[in-house]
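Residues per chain are reported as follows:
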Amino acid sequence: MDDVMIVGAGPVGLMLAGELALAGLRPIVLDKRPEPSELPKANGLAGQIVELLDHRGLLGPLSEGSGFAGPAPGFPFGQVPLRFAGHDDMPLRLLLIQQPRLERLLAERAGQLGAEIRRGHEVLGLVQDEEGVTLELSTGRARARYAVGCDGGHSTVRALTGIGFPGTTDDEVLRLGHFAWDGQGPFEAPRAEGLGPGWNRTPAGRLLLTSLRPGVLVAGVRERGAAPEGPVTPEDFRAAVRRVIGRDLPLGEPLWLSGTVAQARLADRYRAGRVFLAGDAAHLFPAGGTALNVGMTEAVNLAWKLAAVLLGRVPEGLLDTYEEERRPVAGRALAQTRAQAALERAPGEDGDALRGLLAELFAHEQPLRHLAAILHGSDTRYPPGPEHPHPLVGRFVPDLRLSTAEGERRVAELMRAGRPVLLDLRDETGPASPGGGWIDVVRARCAEPPADVLLIRPDGYVAWAGTDGLAGAARAWFGAEPPAVRATPA
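Rules and cut-offs
Residues numbered from 1 in each chain as written. Predicted model: local features only at pLDDT ≥ 70, side-chain atom pairs only at ≥ 80, totals over all residues. Heavy atoms only, no water. Helix = DSSP H or I, 4+ residues; strand = E, 2+ residues; numbered from the N terminus. Rg over C-alpha atoms; globule rule 2.2 N^0.38 Å. Buried < 20%, exposed > 50% of the residue type's maximum accessible area, 1.4 Å probe, protein only. Contact = heavy atoms within 4.5 Å. Lys, Arg positive; Asp, Glu negative; His and termini not counted. Charge placed at Lys NZ, Arg CZ, Asp CG, Glu CD. pLDDT = per-residue confidence, 0-100. Core = buried A, V, L, I, M, F, W, Y, C linked by side-chain atoms within 4.5 Å. Phe/Tyr/Trp six-rings, centres within 6.5 Å; stacked < 30°, edge-to-face > 60°.

1. Description of the overall build of the chain
Phase 1 of the analysis: Along its length, the chain carries twelve helices and 29 strands.
Phase 2 of the analysis: Computed over C-alpha atoms, the radius of gyration of the chain comes to 24 Å, within 12% of the 23 Å expected from 2.2 N^0.38 for 490 residues, which places it in the range of a compact globule.
Phase 3 of the analysis: The principal-axis extent of the C-alpha atoms belonging to the chain is close to 75 × 55 × 40 Å.
Phase 4 of the analysis: For the chain, the residues scored as buried account for 53% of the 490 residues in total.
Phase 5 of the analysis: Sequence-distant contacts, at least 24 apart, represent 68% of the contacts inside the chain between residues at least 6 apart.
Phase 6 of the analysis: Both charge centroids of the chain, one from 53 positive and one from 61 negative side chains, sit 1 Å from each other.

This is the structure:
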């Protein structure tokens, strides 16, 4: 019997496969498509997943050839532009990369680590028992101890497990297209015949004009109506433009066209027995820029816990913390994207007044910084419990600059292996070494240590900060006694 079957070879499923393989498992990824999709459904990553990719040493390879990688100079929030340039250390991070290339690099990484990707296998049925999960496939049958549905908003896995997916469906259709364009590059957008970059509003709908990489214009049309039946054609797109702005608009040769209707949904459970959900199978957001950040960070959270249970390091109950931690994060993302969608749809002079007032408010640093943290995900704090009073516990570890026996390093560089790290910052350096169980120990100096000792989970979140109670925290999370930590000097 296999350890884990992952249904869906999109970015979330491939990230999960790579993380499981990094931990020593050999996951199987099943996808009904015979070949990888070449559709640029997403054009980049925004949020904490950019930092997690840095933790795994993937940010450099993914950034090669990217139009942009680093702190976001700005970001749209429901048609209200957020401008971060000129403010130091804004939390939102951005990586421009089209989804086909992202999937290709994640698949290569997962394969190199030992994961197996099987294409052309559609899930038709699912049965689970106390020992594992059996999937009925279009090509036969497969069985594993656990299964994870990363198969999108129309998830077959979710439907077969009976997990509810409550929410709402928008009454507007979005037609989106990429067109060949002679513009220069990202963050530069065209001005044409009275139309400006970003969303242009008319009584009949809205028209988007922007660019995220050289040579490609992104255009979108929103109007009331049902989802298109069948593929969007160039004539469909031109007709929608005419309905919204009242005239034709030269857009260039179409490279890719699609039509969607936004939904706002959250699965009522993330787990049914031995089956888990992640990504769009678990949630759909009515505004863009959030789904991959939430879904891929879910994959990292679930992966280390599944691996720890399957390798016999911790009790099976650790898996309950996946839903406990991640479903509230998705709920918060759903709330802020609902707010974006409502702000973007608000019509007439009232809507203009609301967007104008919020633009003034977001020009001030504190509300701007707060909103950047929400979009990034750095406002997330997993429940630390009353016995963990340190403010870092339950939060993503800061990328401290360290002096170690191996030289100057960042915290991100300590996380490459995807193992727990015990970081001892009490003015002593020494070689990194395996600790109790499967915890790596690093002794280092730091200019402004936030605590004497940090116990960092594989997903980058702080499990403990301080000294007292370290043994209990290590046992609870990792099923291991931590190494001896010398007493604080008198």
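We are not done yet, so read on.
2. Here we look at the confidence of the model for the chain
Phase 1 of the analysis: Chain-level pLDDT for the chain is 90 on average; 94% of the residues reach the 70-or-more range.
Phase 2 of the analysis: The low-confidence segment residues 486-490 (pLDDT under 50) makes six contacts with residues lying over four places distant or belonging to another chain.

3. Side note on the nonpolar core
Phase 1 of the analysis: If you look at the biggest cluster of nonpolar residues, it comprises 96 residues, and the most contacted ones within it are Leu 20, Leu 45, Leu 135, Val 148, Met 296, Leu 306 and Leu 455.
Phase 2 of the analysis: Top element by residues in this core is helix α7 (residues 291-310). It accounts for 13 residues.
Phase 3 of the analysis: Beyond its immediate stretch of four places on either side in the chain, Met 296 contacts Pro 11, Val 12, Met 15, Leu 45, Ile 49, Leu 102 and Leu 106.

4. Side note on the packing of aromatic side chains
Phase 1 of the analysis: Per the counting criterion, the structure on display carries ten aromatic pairs.
Phase 2 of the analysis: Both rings, one in Tyr 270 and one in Tyr 322, keep their centres 5.6 Å apart while their planes meet at 45°; by these two values the pair is tilted. Residue Tyr 270 is found in the loop between β18 (263-266) and β19 (271-272), and its partner Tyr 322 is found in helix α8 (residues 320-345); the two are separated by 52 residues along the sequence.
Phase 3 of the analysis: Pairwise contacts between aromatic rings join Tyr 146, Tyr 270, Phe 276 and Tyr 322 into one cluster.

5. A word on the environment of Ala 9
Phase 1 of the analysis: With respect to the helices and strands, the residue Ala 9 is situated in the loop between β1 (2-7) and α1 (11-22).
Phase 2 of the analysis: For Ala 9, a relative accessible area of 0% puts it in the buried group.
Phase 3 of the analysis: Sequence spacing of Ala 9 and Glu 323 is 314 residues, and the spatial spacing of their C-alpha atoms is 22 Å.
Phase 4 of the analysis: When near neighbours in sequence (up to four residues on either side) are disregarded, Ala 9 contacts Leu 14, Val 29, Leu 30, Asp 31, Arg 33, Glu 103 and Arg 119.

6. Digging into unusual backbone geometry
Phase 1 of the analysis: For Gln 79, which is not glycine, the phi torsion reads 75° and is therefore positive.
Phase 2 of the analysis: Relative to the assigned elements, Gln 79 resides in the loop between β5 (74-77) and β6 (80-83).
Phase 3 of the analysis: Residue Gln 79 is classed as partly exposed on the basis of its relative accessible area of 22%.
Phase 4 of the analysis: Located in the positive-phi region is Asp 89, a residue other than glycine, with phi close to 55°.

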